[in-house]
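Secondary and tertiary structure notes
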Amino acid sequence: MRSLLITGQKGGIGKTTAAMNLAALAAEGGRVLLVDLDPAGPISAALAHGPESGEVHQLGDWTGRFWSDAVPGVDLFWPQSGNEQTDAMAMRLATLTRNSNLSLQYDLAVVDAPCLRGGATSLLGGCDEALLVTRLEPLALRTLPPLLGAVQAERVERPEFQFHGMLLTLPPGVRADSPEVDQLRRSLGGHVLPVAIEHDPNLQSATLHGALPRTQSDNQRAFGLLAQSLQLLAPAPVLEPVHGGGKEGGLLWAILGVLGMGLGIAVGVAVGWYLS
């Protein structure tokens, strides 16, 4: 069973939407377990499942709420972790994703993880693959270096760990094909995926009506391309990342141009070092 951790360095950047859409797309070719590690249970809320509606179920070392076919082909599991420390949560997650019995039931586990800040980066050890969702905004870009450093450390410790890169989500008014996005993608090099998710007001409406928050038109196509690049669909043509040179200086000036603010040369150099 493959295990894909979807996370970011702050809330409200679209990682839960990405997790739900990728799980639904992957279910077209196999059985998927969607694990919601957020104590607030945003996935069950988005799908109009009340916190008490799921049956109490045990998976691995975890007891939680379970919804069979929360969306077609996708079972949803919401562990009741309470105030459990992150390291303990990471160990439980690793036990869950490497459970031989679950591997007979599911082809893929998609894990919607809490924000990876501080010690929470240990959750990277609970899955064999990871996707980082980041918003094109100052705070998100400033907090990239420590998270990318944790990803690099995980890759050194576990050579089999696969980091798929960063998925850009865009604020209102910014198009995926805008020159600013292309410039930033090239400056960040091959670590940024060649698809971006635009702001879509329909997502909130879908959530309020308990529907799968699938985006429309270009975004729907973007999620399909993303699923292909992650080899969640068959056939699976892999999208080639856009490479760029001059990471340290290029990244700094791209951020300055897109955001119109001075992040400081130290941030540019630090991010470039982690990405190299």
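Residues numbered from 1 in each chain as written. Predicted model: local features only at pLDDT ≥ 70, side-chain atom pairs only at ≥ 80, totals over all residues. Heavy atoms only, no water.

1. Digging into the pattern of salt bridges
Side chains that differ in sign of charge can pair as their charged atoms come close. Put simply, the test is: Here, a salt bridge means any Lys or Arg side-chain nitrogen found within 4 Å of an Asp or Glu carboxyl oxygen. Numbered from the N terminus, helices here are DSSP runs of H or I no shorter than four residues, and strands are runs of E no shorter than two. Burial status follows relative accessibility: with a 1.4 Å probe on protein chains alone, a residue under 20% of its type maximum counts as buried, one over 50% as exposed, and anything between as partly exposed.
On inspection of all chains with the given rule, the structure shows ten salt bridges. In this structure, R31 and D75 form a salt bridge, with 2.6 Å as the shortest nitrogen-oxygen distance. With R31 in the loop between α1 (15-26) and β2 (32-36) and D75 in strand β5 (residues 74-79), the pair connects residues that are 44 residues apart, well separated along the chain. Given the relative accessible area of 6%, D75 is considered buried. Here R98 and D128 are joined by a salt bridge, their closest N and O atoms 3.1 Å apart. Of this pair, R98 sits in the loop between α3 (86-97) and α4 (100-105) while D128 sits in the loop between β6 (108-112) and β7 (129-135), and the two are 30 residues apart along the sequence. By relative accessible area, which is 39% here, R98 ends up partly exposed. With relative accessibility at 24%, the residue D128 sits in the partly exposed group. It is possible to trace a salt-bridge network through shared partners that takes in R98, D128, E154 and R158.

2. Looking at unusual backbone geometry
Residues other than glycine predominantly adopt negative phi, and peptide bonds predominantly adopt the trans conformation. Despite not being glycine, D69 shows a phi value in the positive range, around 50°. Mapped onto the secondary structure, D69 falls in strand β4 (residues 62-71). Exposure remark for D69: the relative accessible area of 40% places this residue in the partly exposed category. One non-glycine residue with positive phi stands out, namely Q231, at about 60°. Looking at the secondary structure, you find Q231 in the loop between α9 (217-229) and α10 (247-259).

3. Some words on the sheet that holds strand β9 (residues 192-197)
Here is the rule we go by: Paired strands are those between which DSSP finds at least two bridges. Orientation is described by axes fitted as lines to C-alpha atoms, over the contacting stretch for helices, and by angles from 0 to 180 degrees between their N-to-C directions. By definition in these notes, contact holds between two residues if any of their heavy atoms fall within 4.5 Å.
Judged by pairing direction, the sheet is mixed, and its nine strands sit side by side in the order β3-β4-β5-β2-β6-β1-β7-β8-β9 without closing on themselves. Edge strands, defined here as strands with exactly one partner in the open sheet, are β3 (55-59) and β9. This sheet shows a mean twist of 30° between the axes of neighbouring strands, independent of strand direction. Bridging between strand β8 (residues 162-169) and β9 involves three bridges; their strand directions are parallel. By the bridge assignment for β9, L168 is matched with A196. Where α1 meets the sheet, its contacts fall on β1 (2-7), β2, β5, β6, β7 and β8, and the angle it forms with β6 comes to roughly 170°. Across the face of the sheet, α3 comes into contact with β1, β2, β3, β4 and β6 while running at roughly 50° to β4.

4. Section: helix α7 (residues 179-188)
For clarity, the cut-off: What the arc measures is the spread of directions leading from the helix axis to the C-beta atoms.
Of the residues making up α7, those classed as buried are V181, L184, R185, S187 and L188. Seen from one end, α7 has its buried residues packed into an arc of 165°, which puts them on one side.

5. What to know about the nonpolar core
Going by this rule: Take the buried residues of types Ala, Val, Leu, Ile, Met, Phe, Trp, Tyr and Cys, join any two whose side-chain atoms come within 4.5 Å, and each joined set is a nonpolar core.
Judged by nonpolar contacts, the single largest core of 40 residues is most densely connected at L5, L37, L93, L123, L124, F163 and M166. Sorting elements by how many residues they give to this core places helix α6 (residues 144-157) first, with five residues. Once residues lying within four places of it in the same chain are set aside, the contact partners of L5 are L93, V111, A113, L123, L124, C127, E129, A130 and L131.

6. As for α3
In plain terms, the rule: To estimate the expected span of a helix, count its residues, drop one, and scale the result by 1.5 Å.
Between the first and last C-alpha of α3 there are 16 Å, a value that for twelve residues agrees with the 16 Å anticipated at 1.5 Å per step. Among the residues of α3, those classed as buried are M89, A90, L93, A94, L96 and T97. The arc that holds every buried residue of α3, seen down its axis, measures 160°, which confines them to one face. Relative to its buried face, α3 has exposed residues pointing more than 90 degrees away, namely D87 and M91. Of the surrounding elements, those touching the buried residues of α3 are β1, β2, β3, β4, α4 and β6.

7. Brief notes about the pairing of β7
Buried residues dominate β7, accounting for seven of its seven residues. Burial along β7 is two-sided: the residues E129, L131, V133 and R135 and A130, L132 and T134 are all buried. Alignment of β1 against β7, held across four bridges, turns out to be parallel. When the sheet's bridge partners are listed, L4 is paired in β7 with E129. Both β7 and β8 contribute to a ladder of six bridges, which runs parallel. Paired with T134 across the two strands is L168, which belongs to β8.

Remember that the coordinates give geometry; whether it matters functionally is a separate question.
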